[in-house]
Amino acid sequence: MPKKRVEKETAVALPRRNFLTKLWFGLGLVVFGELVWIVTSFLRPRRSPTPEGDFGAIVTAGPVEGFTQNSVTAFPRGHFYLARLEDGGFLAISRRCTHLGCTVPWITEDQQFICPCHSSAFDIRGAVVRSPAPRPLDLYPITIENEVVLVDTGRTIRRSEFRPEQVAFGQRGAKKG
Amino acid sequence: MTSPSDRPHADPGFFKRIRLSILSDPVIPHTDLERKRYLFRNLILHFRPATVPVDTLRFSLTWGLGGMAAVLVLLQIGTGVLLKFAYEPTPAAAYASIQSLVAGVPFGRLIRNMHHWCAHLLVLVVLLHMLRVFFTGAFHPPRQFNWVIGLTLFCFVLIANFSGYLLPWDQLAYWAVTVSTGMLEYVPWFGFAVQKLIRGGPDIGPATLRIFFAVHTAVVPILLFLLMGFHFWRVRKAGGLVIPHAPGEASLDPPEKVPTLPDLLLRETVVALALIAVVILLAIFFDAPLDDPANPGLSPNPTKAPWYFAGLQELLLHLHPLFAVFIVPLVAAAALLTLPYLRYETDTGGVWFASRTGRIAGIVAASVALVITPVLILLDDWLTHPGNRFSDIPAVIGDGLIPFVFLLAAIALIYRMLRRRFSASRNETIQAVFIFLLAAFIIMTIIGVWFRGAGMKLVWP
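Residues numbered from 1 in each chain as written. Chains lettered and ligands numbered in written order. Predicted model: local features only at pLDDT ≥ 70, side-chain atom pairs only at ≥ 80, totals over all residues. Heavy atoms only, no water.

A. Local environment of the overall build of chain A. Looking only at helices and strands, chain A has two helices and 11 strands in total. Counted from the first residue to the last, chain A has its helices and strands arranged as α-β-β-β-β-β-β-β-β-β-β-β-α. The buried share of chain A, reckoned over its 177 residues, is 40%. (Helix = DSSP H or I, 4+ residues; strand = E, 2+ residues; numbered from the N terminus. Buried < 20%, exposed > 50% of the residue type's maximum accessible area, 1.4 Å probe, protein only.)

Right, dumping it as structure tokens:
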């Protein structure tokens, strides 16, 4: 009798046991995957419902004629500078240094943004004048409606170099063309 | 207090019955047998062995560093729990809560200072402990994996320090963390995502403080404590510490042993008490810094990473970011992890610096690094002076690949020369290379901390 049972086990139970073992391992993996999924979705950064200051929203910078050519105006609550170039075009330049994220001040006498942390320097267009910064300062998209400059600080534009098409023009600025 | 001569069978009174139900042994054991029983039956002491080899008690083997690290962790838990009652983890309230802690809470300043100095000491002590283990060859089998656990513990200590750095929410904290997490942007593929995860968004803000607070006060302490238990357990499973002996001299087998209580525990207590005294003295006489409240609109000049990242920040000034913050640390971590798994001719466990040749090679390597590192830094500073920075070679190759390959070639050359010319063993050679890189890193850290002024320009301190 016992002999028969052993035979039966090896013949029938072993594949079944193998199958069940694999099933358990598979279920274990599924549980692990679920855990990872739950934890990562819990910890994933969320966009805060109320942006701090003006940052993250569309900022109304002001009428085009309010900015003189070849000038830089700081918008501390929007975390950007509005630069008006010599040709009358606008750039909304992020104040974050592209090297390690320090806040760059506009130094009027040098006509440059100079980072206090590692002395990277950028010109009025945000282009790198002196490394270690690897790329120009980031931009925010500008729309000019009815000769009023609007800056969308919710969307950051990373760029590898300055190109003329990055500059936004108002109606009167474009006339120069 | 009961005297040990009390007979346990003489019908004890009410309070004595309660005491015996908690601890049936005498409070202070007097005989060897009583001490042994005490060790076995005490929850905290029972994970220690009953006896230890007498030679491992030598202070010049361990310098008490592992024990010091454990004491510092306990102090951090104690002071940290207290601080948690006074601190508010929101950008609006954090700075003020530290101010009122320092000014208004009785002993608030002392507890905060202790927490601060313990944190710095912990990094230092763990680092020295690691060097001790390496230089006494205590990573050979069966202690290989404990080296890996130790490295992980070191990472946890760094994370604990770094996450605590932000909490005061002052200018120092805000910008040091901005710069340090800014380094992550240069890690290819996943660096940006990791940075966003750590900061809880693109910038340092309320979410960052929340995350750092949770990591600092829950995640790291729990993991650190669990892993410490694992670390200690592996020490015991390895038969205790390596038994020290002079180069070329064999150690006794089996080693002569002495009871843990009192021989080891008394020594540990002395070290612990001395360390606590040092911490309290530091906390009394030196205040933990508190700068102006964090101002995201104004970066102070200079902005520096915490001192344990200063070497990395110095590297970042000379190498392309991809290499400075990704490839070099990755290679260094991989090298450290594989150290105990390399093939060595001899087990140098218990011999300081492996052998006489090892000592000489180590001194030469350290001296070379001591000269070469400042010279290279000055040379690079002169070469990259504003104006002659840009060349036709892309920065990744000119500032990254070429110096990196040059460094690897220099290491390979040193390795070959030591092996061939001086017929050093692999133990001695790898140790010399390790010392060379360590000395270079220490010098970079020193330069980063004391010799970098406004705009990160080289200055005399």
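Let us keep going from here.
B. Examining the pairing of strand S4 (residues 90–94) of chain A more closely. All names here are of chain A. Where burial is concerned, most of S4 is hidden: five out of the five residues are buried. Pairing analysis gives five bridges linking strand S3 (residues 80–84) to S4, with the strands arranged antiparallel. By the bridge assignment, Phe 80 is partnered in S4 with Ser 94. Here S3 folds back onto S4, and the loop between the two strands holds five residues, one of which, Gly 88, carries a positive phi near 90°. Note that S4 and strand S9 (residues 139–140) share two bridges and pair antiparallel. When the bridges of S9 are listed, Ala 92 appears paired with Tyr 140. (Pairing = 2+ DSSP bridges.)

C. Structural view of the sheet that holds strand S11 (residues 148–152) of chain A. Residues and elements named next belong to chain A. One open sheet holds the three strands; their spatial order is S1-S11-S10, and the pairing between them is antiparallel. This sheet does not close on itself; its edge strands, each paired only once, are strand S1 (58–63) and strand S10 (142–145). Averaged over all neighbouring strand pairs, the angle between strand axes comes to 25°, with direction disregarded. Here S10 runs beside S11; their pairing, made up of four bridges, is antiparallel. Each residue of the ladder has a partner; that of Ile 144, found in S11, is Val 149. (Axes fitted to C-alpha atoms, helices over the stretch in contact; angles between N-to-C directions.)

D. Focus on unusual backbone geometry. All names here are of chain B. Of the consecutive residues Pro 141 and Pro 142, the connecting peptide bond is found in the cis state with omega at 10°. By the element assignment, Pro 142 lies in the loop between helix H6 (108–135) and helix H7 (144–166). Even without being a glycine, Phe 107 presents a positive backbone phi close to 65°. When its relative accessible area of 63% is taken as the criterion, Phe 107 is described as exposed. Non-glycine residue Trp 169 carries a positive phi angle of around 55°. Tracing the backbone shows Trp 169 in the loop between H7 and helix H8 (171–182).

E. Molecular detail of the packing of aromatic side chains. Following the criterion strictly, the structure yields 31 aromatic pairs over all chains and no others. Ring geometry for Phe 135 of chain B and Phe 353 of chain B: centres 4.9 Å apart, planes at 40°, overall tilted. Taken together, the residues span a long stretch of sequence, with Phe 135 of chain B in helix H6 and Phe 353 of chain B in the loop between helix H13 (321–338) and helix H14 (356–383) at a distance of 218 residues. By relative accessible area, which is 8% here, Phe 135 of chain B ends up buried. One aromatic cluster is present, formed by Phe 134, Phe 135, Phe 139, Trp 147, Tyr 344, Trp 352, Phe 353 and Phe 434 of chain B through successive ring pairs. Note that Arg 158 of chain A overlies the ring of Phe 192 of chain B, its terminal NZ or CZ placed 5.0 Å from the centroid. Just above the ring of Phe 47 of chain B sits the side chain of Arg 48 of chain B; from NZ or CZ to the centre is 5.9 Å. (Phe/Tyr/Trp six-rings, centres within 6.5 Å; stacked < 30°, edge-to-face > 60°. Lys NZ or Arg CZ within 6 Å of the ring centre and 35° of its normal.)

F. How the structure looks around the confidence of the model for chain A. Averaged over all residues, the pLDDT of chain A is 82; the fraction at 70 or higher stands at 85%. Here helix H2 (residues 171–175) of chain A stands out as the least confident element of chain A, with mean pLDDT 53; S9 of chain A is the most confident, with 92. (pLDDT = per-residue confidence, 0-100.)

G. Seen up close, the environment of Ile 149 of chain B. By the element assignment, Ile 149 of chain B lies in helix H7. Setting aside anything within four residues of it in sequence, one finds Ile 149 of chain B in contact with Leu 227, Phe 230, His 231 and Arg 234 of chain B. (Contact = heavy atoms within 4.5 Å.)

H. Geometry of the interface of chain B and chain A. Taken together, the contact between chain B and chain A spans 33 residues of the former and 23 residues of the latter. For the pairing of chain B and chain A, the buried interface totals around 2100 Å² over both sides, and the portion due to carbon and sulfur atoms is 54%. When the buried area of chain B at its contact with chain A is split by residue, Glu 185, Tyr 186 and Asp 203 of chain B rank highest and sum to 20% of it. In this structure, the connection of chain B to chain A is made through three salt bridges. Here Arg 96 of chain A ties to Glu 185 of chain B by a salt bridge, and the two come within 2.8 Å at their closest N and O atoms. At the junction of chain B and chain A, the tally comes to eight residue pairs in polar contact (both at pLDDT 80 or more). Mapped by element, the contributors of at least two residues to the side of chain B that touches chain A are H8, helix H9 (191–199) and helix H12 (307–318) of chain B. Looking at the side of chain B that touches chain A, its residues break down into 16 nonpolar, 10 polar and seven charged. (Buried area = accessible area lost by both parts, 1.4 Å probe. Salt bridge = Lys/Arg side-chain N within 4 Å of Asp/Glu carboxyl O. Polar contact = N/O pair within 3.5 Å; in protein donor to acceptor, adjacent residues only side chain to side chain. Nonpolar A, V, L, I, M, F, W, Y, C, P; charged D, E, K, R; others polar.)

I. Examining the nonpolar core more closely. Core analysis: the biggest nonpolar cluster contains 107 residues, and Phe 113 of chain A together with Leu 72, Trp 147 and Trp 169 of chain B have the highest contact counts within it. Other than its neighbours up to four places away in sequence, Trp 147 of chain B contacts Met 130, Val 133, Phe 134, Phe 139, Leu 336, Leu 339 and Pro 340 of chain B. Formed by 15 residues, the second largest nonpolar core is a distinct cluster that contains Phe 67, Phe 90, Val 151 and Ala 168 of chain A. (Core = buried A, V, L, I, M, F, W, Y, C linked by side-chain atoms within 4.5 Å.)

J. Looking closely at the side chain of Ser 299 of chain B. Along the polypeptide, Ser 299 of chain B turns up in the loop between helix H11 (260–285) and H12. Side-chain polar atoms of Ser 299 of chain B contact the backbone nitrogen of Thr 103 of chain A, separated by 2.7 Å. In contact with Ser 299 of chain B, not counting residues within four places along its chain, are Cys 102, Thr 103, Pro 116 and Cys 117 of chain A together with Trp 175 of chain B.

K. The arrangement of helix H5 (residues 94–103) of chain B in detail. Residue and element names in this part refer to chain B. By the burial criterion, the buried members of H5 are Ala 94, Tyr 95, Ser 97, Ile 98 and Leu 101. The buried residues of H5 all sit within an arc of 165° when viewed along its axis, so they share a single face. Those residues of H5 hidden inside the fold are in contact with helix H4 (65–84), H6 and helix H10 (206–237). (Arc of directions from axis to C-beta.)

L. View of the sheet that holds strand S2 (residues 71–75) of chain A. On the basis of which strands lie adjacent, the open sheet formed by four strands has the order S2-S3-S4-S9 (chain A) and antiparallel pairing. Single-partner strands in this sheet number two, and they are S2 and S9 of chain A.

M. Examining the state of the cysteines more closely. All names here are of chain A. Enumeration over the complete set of coordinates arrives at one disulfide over all chains. Linked covalently through their sulfurs, Cys 102 and Cys 117 form a disulfide whose S-S length is 1.9 Å. Judged by the sign of its S-S torsion, about -95°, the cystine formed by Cys 102 and Cys 117 is left-handed. Linking Cys 102 in the loop between S4 and strand S5 (106–107) with Cys 117 in the loop between strand S6 (112–114) and strand S7 (121–122), this pair joins segments that are 15 residues apart in sequence. (Disulfide = S-S within 2.5 Å.)

N. Focus on the pattern of salt bridges. Overall, the coordinates contain 13 salt bridges over all chains when judged by the stated rule. For the salt bridge of Glu 185 of chain B with Arg 135 of chain A, the shortest nitrogen-to-oxygen distance reads 3.6 Å. Taken together, the residues Glu 185 of chain B in the loop between H8 and H9 and Arg 135 of chain A in the loop between strand S8 (128–130) and S9 connect one chain to another. No difference in accessibility class separates Glu 185 of chain B from Arg 135 of chain A, as the two residues are buried. What emerges from the salt-bridge pattern is a single network uniting Arg 96, Arg 135 and Asp 138 of chain A together with Glu 185 and Asp 203 of chain B.

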